[in-house]
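One-letter residues, chain by chain:
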Amino acid sequence: MRLPKHGLAEGDLFATLEKYREQDMPWRDGRTWAYIYDPGPEAEAVIKRAFTMYLTENGLDPTVFPSAMHMENDVIGVAVDLLHGDDQVVGSFTSGGTESIFCAVKAARDWARERRPEVTSPEILLPETGHASFQKAAHYLGLEPVVVPVDPVTFLAEPGRMREAITPNTIMMVGSAISYAHGVVDPIPELGALAEETGVWLHVDGCMGGFMLHFLQRIGVDIPDYDFRVPGVSSISMDYHKYAFAAKGASVVLYRNRDLRRHQMYACSNWTGYTVINTTVQSTKSAGPIAASWAVLNHFGDDGYMAIARTVWAMTEKLVAGIASIPALRVLGRPQMNMLSFTSDEVSVFHIADEMKERGWFVQPQLAYGSSPENLHLSINPNSERWADDLIADLRECVEKARQLPSGELAVKIKEAFSHVDAASVTPEVFEGMLGMAGVTGTALPGRMAEINEVLNALPVPLRERLLVEYLNELYQPSS
Ligand SMILES: *Cc1c(COP(=O)(O)O)cnc(C)c1O
């Protein structure tokens with residue numbers, strides 16, 4: 001695009017934006033089963049109004065916009081209460097789970113620099129189900145990630161293996177409540193005991209589960225304690241923009257006490273401009289996401305979220321039973337929240353995803369890693385309740401369709417050719433060729449993804465990551 005010589009009329013401008021949106025999954029119809037957290041149109045209107053009301057206010061300076069700090073303290077108060085913190089627990093509002101996790105990893109790193117100065121190459125211990133953002137934070141912040149296998153049947157972290165992986169360099173370890181891939185809660189009480197015994201900082205990743213687990217536990221779902229009730233937990237992240245249904249750009253990170261949070265804060269007056277004092281990574285920030293979080297929490301209230309928890313748990317049980325009734329499919333682990341994944345030992349799950357997409361559904365492919373086979377993931381929304389039976393019926397048919405489709409020839413060839421190749425020695429041109437063979441060329445997004453997913457699934461992890469980087473680097477091009 002180039003700037004238009006004269007500004008466009010409002011009607012034309014929005015017509016174009018509407019047209020762009022036609023390329024997207026029409027998520028409001030309730031058939032997009034990942035990336036979207038949708039409580040329905042009534043709440044959406046409230047969230048939008050609050051977001052735009054505070055769109056321009058700047059959360060950077062609490063002395064000029066105390067409203068932003070006031071709303072932040074309110075939504076942190078709710079988080080402390082839901083996660084059973086005492087009056088010592090404090091927190092910060094951030095733009096998302098990744099930023100919350102960055103903040104916690106930075107705090108743990110700087111805390112260790114002060115308390116354990118002898119550690120010069122700090123390590124962070126992650127179950128293989130731990131979210132990628134911990135590895136991203138480690139990559140940015142100079143920590144070494146150490147990935148520990150999980151139980152291959154339950155997909156839960158194994159405290160015994162975590163213990164074995166602790167070294168004199170371990171400063172932090174992670175448990176998930178829940179882990180994104182399989183929707184299960186790690187044994188946080190055992191990990192907390194290990195943290196207390198060893199002096200390692202334990203972070204509970206409640207980005208996905210922290211909020212909804214509170215209500216699911218209260219309606220009687222079998223969930224071990226996962227929050228500040230557990231001794232040894234130092235920090236917890238929890239996203240409001242997932243199953244609290246806030247607008248995107250909303251998460252919180254909580255610390256057991258102020259002494260721990262201090263290491264997250266940043267101040268700089270070592271330049272000519274205004275003094276920079278930042279609680280989190282962002283500096284200038286819209287107060288919109290904080291206002292939208294404040295609004296949605298007050299819109300639903302405790303009984304509203306309890307009702308949602310009952311709805312989504314009933315849907316989860318129905319979907320687990322429905323998937324189990326399709327002989328070619330099996331659910332992975334025992335979901336403890338309204339997310340699940342399933343695999344097939346007979347049919348390519350990537351073909352199933354493509355077939356489902358042709359029928360208007362989005363189900364999310366996940367690649368094989370460690371103990372977990374390639375699978376399809378469902379994030380379950382209250383606004384999709386009416387679709388549960390249709391989803392299962394279409395899955396049943398798509399499994400049969402997928403069975404007819406050829407699979408794996410290119411993936412097998414690429415696997416053979418690249419199993420002993422060092423990622424660093426492969427040129428961008430080779431990756432481009434690989435993408436081309438899988439039907440991915442230029443900046444056009446491929447319709448069917450099975451072939452590229454199979455190739456990715458077959459490649460060793462370092463090559464997989466390089467291929468994805470090359471792909472992204474191709475995909476984002478300025479339009480003329
Ligand atoms: C979504 C998620 C994150 C990362 O959050 P973003 O908001 O996508 O940055 C971290 N951990 C878990 C378990 C998640 O589901």
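Up top you'll find the structure we're talking about.
Residues numbered from 1 in each chain as written. Predicted model: local features only at pLDDT ≥ 70, side-chain atom pairs only at ≥ 80, totals over all residues. Heavy atoms only, no water.

Concerning the overall build of the protein
In terms of helices and strands, the protein carries 16 helices and 13 strands. Here the C-alpha coordinates of the protein stretch approximately 65 × 60 × 50 Å along the principal axes. The burial tally for the protein puts 52% of its 480 residues in the buried class. Across the protein, the fraction of contacts at a sequence separation of at least 24, relative to all contacts at a separation of at least 6, is 75%. On the protein, roughly 22,700 Å² of surface is accessible, and the fraction owed to carbon and sulfur atoms is 55%. Measuring between centres, the 40 positive side-chain charges of the protein sit 3 Å from its 61 negative side-chain charges. (Helix = DSSP H or I, 4+ residues; strand = E, 2+ residues; numbered from the N terminus. Buried < 20%, exposed > 50% of the residue type's maximum accessible area, 1.4 Å probe, protein only. Contact = heavy atoms within 4.5 Å. Areas by Shrake-Rupley, 256 points an atom, 1.4 Å probe, with all protein chains shown as cover. Lys, Arg positive; Asp, Glu negative; His and termini not counted. Charge placed at Lys NZ, Arg CZ, Asp CG, Glu CD.)

Some words on helix α4 (residues 97-115)
With 19 residues, α4 should reach 27 Å at 1.5 Å per residue; the first-to-last C-alpha distance of 26 Å fits that figure. In terms of burial, α4 is a largely internal element, 15 of the 19 residues being buried. (Expected span 1.5 Å × (residues − 1).)

A look at a nonpolar patch on the surface
Residues Leu-8, Leu-13, Phe-14, Leu-17 and Tyr-20 make up a contiguous nonpolar surface patch of about 500 Å² in total accessible area. Note that Leu-17 resides in helix α1 (residues 10-21). (Patch = residues over 30% accessible without salt bridge, like charges linked within 9 Å, V, L, I, M, F, W, Y side chains within 5 Å. Salt bridge = Lys/Arg side-chain N within 4 Å of Asp/Glu carboxyl O.)

Comments concerning the sheet that holds strand β10 (residues 329-331)
The pairing of strands in a sheet happens through backbone hydrogen bonds and is either parallel or antiparallel. Pairing within the open sheet is antiparallel, and its four strands lie in the order β10-β11-β13-β12. Each edge of the sheet is formed by a strand with only one pairing partner; in this case those strands are β10 and β12 (364-366). Strand-to-strand twist in this sheet, taken as the mean axis angle between neighbours without regard to direction, amounts to 35°. Pairing of β12 with strand β13 (residues 375-379), which is carried by three bridges, proceeds in the antiparallel orientation. For Gln-364, the partnering residue across the bridge sits in β13 and is His-377. (Pairing = 2+ DSSP bridges. Axes fitted to C-alpha atoms, helices over the stretch in contact; angles between N-to-C directions.)

A closer look at the packing of helix α15 (residues 450-458) against helix α16 (residues 461-475)
As a packed pair, α15 and α16 sit with axes 8 Å apart at the nearest point and diverge in direction by 140°. Classified by the angle their axes make, α15 and α16 are oblique. Of the residues in α16, those in contact with Ile-452, Val-455, Leu-456 and Asn-457 of α15 are Arg-464, Leu-467 and Leu-468. Class assignment for the residues of the contact of α15 with α16 results in five nonpolar, one polar and one charged. (Parallel < 35°, antiparallel > 145°, perpendicular 65-115°, else oblique. Nonpolar A, V, L, I, M, F, W, Y, C, P; charged D, E, K, R; others polar.)

Structural notes on the site of the ligand
Lining the immediate environment of the ligand, one finds 14 residues, of which Gly-97, Thr-98, Asp-205, His-241 and Lys-242 sit closest. Side-chain polar atom of Thr-98 to an oxygen atom of the ligand: 2.5 Å apart, as the coordinates give it. In this structure, His-241 approaches the ligand through a side-chain N or O atom, which is 2.8 Å from an oxygen atom. For the ligand, the protein covers 84% of the area, taking 380 Å² as the surface of the free molecule. It is α4 that provides the largest number of residues to the shell around the ligand, a total of three residues. Its residues placed into classes, the shell around the ligand shows five nonpolar, six polar and three charged. (Near = heavy atom within 4 Å. Polar contact = N/O pair within 3.5 Å; in protein donor to acceptor, adjacent residues only side chain to side chain.)

With respect to the state of the cysteines
Under the defined criterion, the tally for this structure stands at zero disulfides. Looking at Cys-103, it has no disulfide partner, and the nearest cysteine sulfur is the one in Cys-207, 11 Å off. On the basis of relative accessibility, which here comes to 5%, the residue Cys-207 falls in the buried class. (Disulfide = S-S within 2.5 Å.)

Section: the side chain of Glu-128
Structurally, the position occupied by Glu-128 is in the loop between β2 (123-127) and α5 (132-141). At 7.1 Å, Arg-161 is the nearest oppositely charged side chain to Glu-128, a buried residue that forms no salt bridge. One polar contact links the side chain of Glu-128 to the main-chain amide nitrogen of Val-150, over a distance of 3.2 Å. Of the polar contacts made by the side chain of Glu-128, one reaches the side chain of Ser-371; its length is 2.3 Å. Residues contacting Glu-128, with those up to four places away along its chain left out, are Val-147, Val-148, Pro-149, Val-150, Tyr-369, Gly-370 and Ser-371.

Quick look at the packing of aromatic side chains
For the structure on display, the rule yields 14 aromatic pairs. Aromatic side chains Phe-211 and Tyr-240 sit 6.0 Å apart centroid to centroid with 75° between the ring planes, which places their arrangement in the edge-to-face category. Placement of the pair is Phe-211 in helix α8 (residues 210-218) and Tyr-240 in the loop between β6 (233-239) and β7 (251-255), with a sequence separation of 29 residues. Look at Phe-211 and you get buried, because its relative accessible area is 2%. With 5.4 Å between their ring centres and 75° between their planes, Trp-271 and Tyr-274 make a pair best called edge-to-face. Relative accessible area serves as the criterion here: at 43%, Trp-271 is assigned to the partly exposed category. Three or more aromatic residues joined by ring pairs make a cluster, and in this case those are Tyr-37, Phe-211, Phe-215, Tyr-240, Tyr-243, Phe-245, Phe-300 and Tyr-305. (Phe/Tyr/Trp six-rings, centres within 6.5 Å; stacked < 30°, edge-to-face > 60°.)

Observations regarding the environment of Val-221
Along the polypeptide, Val-221 turns up in the loop between α8 and β6. For Val-221, a relative accessible area of 10% puts it in the buried group. For the pair Val-221 and Ile-178, spaced 43 residues apart in the sequence, the C-alpha separation amounts to 13 Å.

With respect to the nonpolar core
Core analysis: the largest hydrophobic core is formed by 69 residues, its most contacted members being Phe-211, Met-212, Tyr-240, Phe-245, Tyr-305 and Met-337. The element contributing the most residues to this core is helix α10 (residues 288-324), with 13 residues. Setting aside its immediate chain neighbours within four residues, Phe-211 contacts Leu-82, Gly-206, Met-238, Tyr-240, Tyr-243, Ala-244, Leu-297 and Tyr-305. Judged by nonpolar contacts, the second largest core, of 29 residues, contains Ala-353, Leu-376, Val-399 and Ala-450. (Core = buried A, V, L, I, M, F, W, Y, C linked by side-chain atoms within 4.5 Å.)

Here we look at the environment of Thr-56
Within the fold, Thr-56 resides in the loop between α2 (41-53) and α3 (66-82). The spacing of Thr-56 and Lys-401 is 345 residues in sequence and 50 Å in space, taken between C-alpha atoms.

As for the pattern of salt bridges
Summed over all chains, the structure comprises 25 salt bridges. Close ionic contact of Arg-21 with Glu-18 constitutes a salt bridge, the shortest N to O distance being 3.3 Å. A residue pair is termed a helical-turn pair when its members lie 3 or 4 positions apart in one helix, as Arg-21 and Glu-18 do in helix α1 at three residues. The exposure class of Arg-21 is partly exposed, given its relative accessible area of 44%.

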